[in-house]
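Descriptive analysis of the structure
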Amino acid sequence: MIRIKHIAHLLLFSVLTVQVAAQSIRKEYLLDKNWKFKQGDYPDAVESRFNDLKWKTVSVPHDWAIKGPFDGNNDLQKVRIEQNLEKEASVKSGRTGGLPFVGTGWYRLKFMVPGFLPGKKAVLLFDGAMSNARVYVNGKEAGFWPYGYNSFHLDVTSLLNPAGEVNTLAVRLENFSQSSRWYPGAGIYRNVHLFVTEDVHIPVWGTYLTTPVINKEFAKVNLKTKVEAPAGKAADLRLETEIRDARETVVASFTSNLKEFDDLEFEQNLVVKNPFLWSPETPVLYTAVSRLYEGKTLKDEYKTRFGIRSIKYEAAKGFSLNGEIRKFKGVCNHHDLGPLGTAVNTAALRHQLTLLKDMGCDAIRTSHNMPAPELVALCDEMGFMMMVESFDEWKTPKVKNGYSQYFDEWAEKDLVNMIHRDRNSPSVVMWSIGNEVPDQSAEGGNKIAKRLQDICHREDPTRPVTVGMDRINDALTKNFAAVLDIPGFNYKPTWYERANNALPQGFILGTETASTVSSRGVYKFPVGFQKMKQYDDNQSSSYDFEYCNWSQVPDDEFVKQDDLPFVIGEFVWTGFDYLGEPTPYDSKWPSHSSYFGIIDLASIPKDRFYLYRSKWNTSKPTLHILPHWTWPGREGEITPVFCYTNYPSAELFVNGKSMGRQSKSNTNNQTRYRLMWNDVKYEPGVIKVVAYDKDGKAVASEEVKTAGKPHHIELSANRTEIIADGKDLAYITAKVCDAEGNLCPQATNLLQFKVKGDGRHKAAANGDATSLELFHHPQMHVFKGMLTEIVQSSEKSGAMQLTVKSKGLKSGTLTIRTIK
Ligand code: GAL
């Protein structure tokens with residue numbers, strides 16, 4: 001009895017949330033709170049009467065493995081990684097992050113649906129569940145979806161109890177060992193929605209909007225809208241569509257009736273006059289609001305957000321957006337959010353994109369799987385072009401229990417869902433059907449490529465298709481690359497000319513580039529190029545000269561991007577460090593997160609950030625020097641100083657003494673993009689660069705000082721006001737500084753976090769790939785003097801105070817306001 005009361009209360013609450021978000025007639029329930037969860041297998045948990053009182057109460061999105069503990073034996077793999085050109089198998093300890101994602105877990109939710117009255121339809125939409133999801137409603141199986149990255153929906157009309165009765169939703173998930181090359185996460189890590197509609201309605205992802213004609217004066221908008229209706233009900237259906245601009249002003253409208261021969265799909269053409277075009281620089285969005293009537297009765301209202309923009313990929317010219325040629329300044333990213341794991345969070349994604357925007361990045365590749373819908377929505381809003389990717393393997397496996405086992409049965413269904421969900425988003429400018437698939441070498445691999453590409457064309461003729469290819473010989477000689485709309489190559493800058501000559505398309509994309517490795521704040525001496533270099537501390541140098549057997553340093557790709565007009569851009573591996581794949585330390589526990597990121601796992605930029613920024617962000621000046629200048633014991637030793645800048649030249653001063661002026665030059669690939677003083681000898685004090693413009697005028701300067709003893713903690717937040725929705729986040733950078741405020745770049749202090757008021761400590765990270773400290777604990781050591789503390793709002797508006805303490809240091813405090 002008590003339990004039921006509790007449920008009814010819950011329900012009221014969710015109805016309340018729904019009313020804010022809901023459109024007038026269809027109801028959308030976000031199933032995010034009060035789930036019960038338990039790891040292990042509990043087949044009886046499908047039954048409504050099953051007792052889950054002792055299970056943990058969790059919110060969804062939820063990642064069951066992110067709280068660890070880390071252990072090199074979690075998903076330990078003795079493998080030879082073929083695409084890394086390894087000759088022999090070796091034991092890989094941190095390949096999937098050393099986190100306990102393998103195994104089975106169950107989720108259960110009790111809920112009532114007040115809007116589910118007789119004659120209504122109900123659909124469950126999972127944005128993604130990791131993995132092998134089996135969904136049960138009131139004891140009956142509603143559906144199965146194996147691929148953990150995809151969105152899927154299930155019609156549960158016949159399974160759901162009517163309004164006023166309690167329902168039980170149970171979800172069984174199972175992750176296999178050796179099923180991934182990185183940390184996949186575990187659990188219902190994306191949102192779950194329930195839609196209740198009339199019998200006559202527009203189904204999930206039921207619209208397809210294109211803009212076939214765009215010019216200055218007008219844009220033609222073509223909107224196809226599917227309708228589902230009981231037999232015989234389609235006779236008198238009418239669709240009224242309004243297009244609203246960003247200010248909600250109606251700029252076009254059109255009404256049409258469904259004819260018998262229309263096959264339950266409306267097709268409407270509208271004209272938007274003087275359209276504002278979408279681009280990364282001007283991410284202007286419109287919304288088509290469609291109202292579906294049966295006779296005089298409103299049956300559904302459906303919103304399709306879109307942008308007006310044209311894309312072209314042409315031989316010799318390359319890629320153009322809205323008629324202007326440009327090259328992709330892109331990054332590849334995995335789906336995990338570092339210390340938050342894979343549980344999707346809009347504030348975390350927005351924070352990532354904000355940093356990337358500042359770097360001048362304009363494109364994201366969702367390697368190697370379909371993204372969270374929140375990421376696509378943010379790319380639409382903030383202005384990023386997207387390569388939405390589907391698979392890391394086809395028929396031939398890369399990992400023993402990977403997608404290859406599902407490929408034959410599921411590939412088409414997975415592609416269809418991916419495309420139907422995201423094809424109205426202006427940010428999406430190409431689909432990728434695969435990454436480094438071994439089928440490049442297999443007999444008939446090109447036929448698979450053709451088949452998958454044809455599916456994409458069938459579902460969306462407006463966007464081209466690519467594959468990230470690594471096996472260049474096979475890709476070129478087995479007619480694989482030639483089949484694709486966009487030939488995409490991973491780590492092949494030295495092949496671009498040959499490949500382009502051998503291929504019919506007339507342009508080439510760097511689908512994956514660089515894979516330079518570095519640890520933030522770590523510098524190794526002597527400075528020089530290093531391939532797969534390992535050091536005793538399991539770190540890599542931030543002089544940005546270290547790379548892998550198959551990869552390059554950034555400048556080697558820049559040269560090709562700048563010199564070859566037919567190369568249409570690059571997607572750097574990776575924007576952010578991610579959990580798992582700790583190359584070059586795959587076999588050296590405790591490394592368990594990547595070194596590839598331009599930005600580290602704690603969302604703190606590495607030096608490389610400024611190298612890319614100096615090239616990509618053409619609207620803001622960049623002037624950055626490295627390394628830090630606190631090297632007790634290195635006095636008199638060669639300690640090169642690099643400057644990443646978009647000024648053409650700069651002069652370095654060490655304690656006021658000029659080390660000469662350096663200008664960018666074509667001497668080699670590095671001197672084109674970096675200013676380097678290679679012979680500087682370390683002496684404590686100040687290093688300073690003065691930058692000169694093209695006329696030789698001193699215009700900016702930057703300096704780094706030798707730090708004294710750790711003295712206090714300095715805090716700075718990415719946002720000081722966040723939304724009181726229990727989800728929003730603020731990222732706070734904590735720095736250990738000396739008395740004068742200089743960062744202590746060698747500090748290792750243990751910091752403790754306390755949050756009072758309307759919020760809580762959510763997670764922390766220090767960017768050290770070898771750290772086994774747990775992200776959710778309210779304490780952590782700084783790495784190279786820094787870490788990131790993430791706090792989360794409660795549902796109460798007000799304020800929270802964060803205090804960060806450490807023995808022997810003056811504490812730092814900061815207030816974050818939370819608003820409704
Ligand atoms: C590529 C692969 C990526 C990642 C990267 C590391 O070959 O596509 O997923 O493994 O190498 O350099």
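The residue count restarts for each chain, going from 1 along the sequence in the order it is written. Only residues with pLDDT of at least 70 get local features here, since the model is predicted, and only at 80 or more are side-chain atom pairs given and counted; chain-wide, interface and lining totals rely on the full set of residues. Only hydrogens and water are set aside when side-chain values are computed; all heavy atoms of the structure are taken into account.

**Looking at the site of the ligand**
Whether a residue is near a molecule or strand depends on its heavy atoms: if one lies within 4 Å, it is near. Contacts to the ligand come from Arg 181, His 368, Asn 435, Glu 436, Asn 490, Tyr 491, Glu 512, Ser 515, Trp 550, Trp 573, Glu 581 and Phe 596. Under the rule applied, a polar contact is a pair of N or O atoms within 3.5 Å (in protein, one hydrogen donor and one hydrogen acceptor; residues adjacent in sequence only if both atoms are side-chain atoms). In this structure, an oxygen atom belonging to the ligand sits 2.5 Å away from a side-chain N or O atom of His 368. Under the grouping applied here, Gly and all other residues not named as nonpolar or charged are polar, the nonpolar ones being Ala, Val, Leu, Ile, Met, Phe, Trp, Tyr, Cys and Pro and the charged ones Asp, Glu, Lys and Arg. By residue class, the composition of the shell around the ligand is four nonpolar, four polar and four charged.

**Concerning the UniProt feature "domain: Glycosyl hydrolases family 2 sugar binding" (unreviewed entry) in the protein chain**
UniProt positions are given in the numbering used here, feature names are shortened, and annotations may be inferred rather than shown by experiment. Within this numbering scheme, the UniProt entry marks residues 31-196 as carrying the feature "domain: Glycosyl hydrolases family 2 sugar binding" (unreviewed entry). Regarding residues 31-196, the helix share stands at 0% and the strand share at 35%, and the terminal C-alpha atoms are separated by 13 Å. Secondary structure counts use DSSP, requiring at least four H or I residues in a row for a helix and at least two E residues in a row for a strand, with both numbered from the N terminus.

**Concerning the pattern of salt bridges**
Salt-bridge detection follows one rule: a side-chain nitrogen of Lys or Arg within 4 Å of a carboxyl oxygen of Asp or Glu. Within the structure shown, the criterion is met by 47 salt bridges. Lys 615 is paired through a salt bridge with Asp 562; the nearest N and O atoms lie 2.9 Å apart. Of this pair, Lys 615 sits in helix α9 (residues 607-616) while Asp 562 sits in helix α8 (residues 554-563), and the two are 53 residues apart along the sequence. Think of it in three bands: residues with accessible area under 20% of the maximum for their type are buried, residues over 50% are exposed, and the middle band is partly exposed, with areas taken using a 1.4 Å probe on protein chains only. Exposure remark for Lys 615: the relative accessible area of 22% places this residue in the partly exposed category. Exposure remark for Asp 562: the relative accessible area of 40% places this residue in the partly exposed category. Residue Asp 728 pairs with Arg 719 through a salt bridge whose shortest N-O separation is 2.8 Å. A residue is classified by how much of its surface remains accessible, and Asp 728, at 7% relative accessible area, is buried. A residue is classified by how much of its surface remains accessible, and Arg 719, at 27% relative accessible area, is partly exposed. One continuous salt-bridge network, built from bridges that share partners, spans Lys 120, Glu 198, Asp 199, Glu 294 and Lys 299.

**Topic: the packing of aromatic side chains**
In this scheme Phe, Tyr and Trp rings, the latter by its six-membered ring, pair at centre separations within 6.5 Å, and the angle between planes marks the pair as stacked below 30 degrees, edge-to-face above 60, and tilted otherwise. Counting across every chain of the model gives 41 aromatic pairs. Between Trp 145 and Phe 152, the aromatic rings sit 5.6 Å apart at their centres with planes inclined by 5°, giving stacked as the arrangement. Assessed through its relative accessible area of 9%, Trp 145 is described here as buried. Look at Phe 152 and you get buried, because its relative accessible area is 0%. Centroid distance Tyr 523 to Tyr 543: 5.5 Å. Interplanar angle 75°. Geometry classified as edge-to-face. Here the residue Tyr 523 occupies a position in the loop between β29 (508-514) and β30 (530-531), and Tyr 543 occupies one in the loop between β30 and β31 (546-547), the gap between them amounting to 20 residues. Summarising the burial analysis for this pair, Tyr 523 and Tyr 543 share the class buried. An aromatic cluster is defined as three or more aromatic residues linked by ring pairs; in this entry it consists of Tyr 147, Tyr 149, Phe 391, Trp 394, Tyr 403, Tyr 406, Phe 407 and Phe 480. By definition here, charges over rings are those cases where NZ of Lys or CZ of Arg is within 6 Å of the ring centre and within 35 degrees of the ring normal. Taking NZ or CZ as reference, Arg 134 lies 4.0 Å from the ring centre of Phe 144, over its face. In this arrangement the basic side chain of Arg 498 is found over the ring face of Trp 495, its NZ or CZ atom lying 4.2 Å from the centre.

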